[in-house]
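Chains, contacts and geometry: an overview
Listed below, chain by chain, are the residues.
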Amino acid sequence: MRITGTFLDEISHDIPHQNWGREEWDADFRAMKAFGINTVVMIRCGWKQWMTFPSEVLMKRKAGFRPPVDLLDMFLDLAEKYGMNFFCGSYDSGNPWWHSDYQVEPEVALMQEVCKEIIDRYGQRKAFKGWYLSQEIAGKNPAATTCYRELGTMLKDRMPGVKIMISPGMSGAKAYNEKMEKLGVTIAPELHEAHWRANMEKIRGIVDIVAFQDGHVEIELLPTFLKINKRLCEENGIDCWTNSESFDRDMPIDFLPIKWEKLRLKLKAAEEAGIRNAITFEFSHFLSPNSMYRSAGGLFDRYCEENNIPARARDFRQHW
């Protein structure tokens, strides 16, 4: 089971910035290419007032901070240089879509406005192959699935043939807490299936790829959840990927590169469930030879050894 995609986490909630410029990102894309990655997904184009590109919409509507570098343009340049497909993440206002009072209509309108701006500026770029809808949900969520459907419909109308991806969670033991209990989220595989059967009824025909995050489920239960995901996606004509998280949720420090044995077990479980595509969150921090975390280079090497890839971290490590 090969990892062929990664998120690009530049507008982040909880991962520290590495403060890379174009030289560092170019070196990282080169390492990704050797690793076998052919798809990069910018996780969001903006978060609250932070932006990956100088959005006139967000500067006007949200008092957005003008970025010093157009990261969206740079990522497209590098994707084109290294022959990768690029998926653009949508805007996230920071308003919690899991709350019952989430205002779907104004949120969708703003996201559509920002996406139209991106299409006008970058939509003809060679590497631009898809969109990532950045609302991450776990259980049944009518507000978020309405957003997926309405935003996705507009994107497909504006960019015929474009692929649309989401990456929801699975409500396993590592996610289960009092807050999630109040929201009706559960660890039972049967209820996971019921919730996602309802969700997929709303998104089929619009969402093309669902890459479930694998980190919230205990490894011994992961095969059960992955088989449910695969079956539901097949029933709804959706491509089922796995988002095999390369950070460790079991450590007391959030977040560090995962132990290689755990990543290997998760990828094997996905393969045995019949899933053929894996994306990870995310290469640059947790798998890259140039990560701020030294152990990421070890994870890079162990993965390449397992998959007979003739690359080693020392060949790509830069000395900034």
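Structure: above.
Residues numbered from 1 in each chain as written. Predicted model: local features only at pLDDT ≥ 70, side-chain atom pairs only at ≥ 80, totals over all residues. Heavy atoms only, no water.

Quick notes on the pairing of strand 7 (residues 128-132)
- Counting buried positions along strand 7 yields 4 of 5 residues, so the element is predominantly enclosed.
- Relative to strand 7, strand 5 (residues 85-89) runs parallel, the two being bridged by 4 bridges. In the sheet register, Gly89 faces strand 7, and the bridge partner there is Tyr132.
- With 3 bridges connecting them, strand 7 and strand 8 (residues 163-166) associate as parallel partners. By the bridge assignment, Tyr132 is partnered in strand 8 with Met165.
- As a crossover connection, the stretch from strand 7 through helix 5 (residues 142-158) into strand 8 is right-handed. (Buried < 20%, exposed > 50% of the residue type's maximum accessible area, 1.4 Å probe, protein only. Helix = DSSP H or I, 4+ residues; strand = E, 2+ residues; numbered from the N terminus. Pairing = 2+ DSSP bridges. Right-handed = clockwise from strand over helix to strand, strands pointing away.)

Things to note about the side chain of Lys266
- Note that Lys266 resides in helix 9 (residues 260-272).
- Within the structure, the side chain of Lys266 is placed 2.8 Å from the backbone oxygen of Glu245, a separation counted as a polar contact.
- Apart from residues no more than four positions distant in its own chain, Lys266 is found in contact with Asp214, Ile219, Leu222, Ser244, Glu245 and Ile258. (Polar contact = N/O pair within 3.5 Å; in protein donor to acceptor, adjacent residues only side chain to side chain. Contact = heavy atoms within 4.5 Å.)

So, the sheet that holds strand 4 (residues 50-51)
- Spatially, 4-3-6 is the arrangement adopted by the 3 strands of the open sheet, whose pairing is mixed. Each of the sheet's edge strands pairs with one partner strand only, and the pair in question is strand 4 and strand 6 (91-92).
- For strand 3 (residues 46-47) and strand 4, the ladder comprises 2 bridges, and the chain directions are antiparallel. Looking at the pairing, Gly46 lines up with Met51 of strand 4.

Some thoughts on helix 11 (residues 295-306)
- The end-to-end C-alpha separation of helix 11 is 17 Å, in line with the 16 Å expected for 12 residues at 1.5 Å each.
- Regarding helix 11, the residues found buried are Ala296, Gly297, Leu299, Phe300, Asp301, Tyr303 and Cys304.
- Next to the buried residues of helix 11 lie strand 1 (3-8), helix 1 (22-35), strand 12 (256-257), helix 9, helix 10 (283-286) and helix 12 (313-316).
- Where helix 11 ends, the next residue or the one after it, Asn308, has phi of about 55°, a positive value. (Expected span 1.5 Å × (residues − 1).)

Digging into the pairing of strand 5
- In terms of residue burial, strand 5 counts as a mostly covered element, since 4 of its 5 residues are buried.
- As judged from the 4 bridges shared by strand 2 (residues 39-42) and strand 5, these two strands associate in the parallel manner. Residue pairing for strand 5: Val40 is matched across the bridge by Phe86.

On their own, these measurements won't tell you what the molecule is for.
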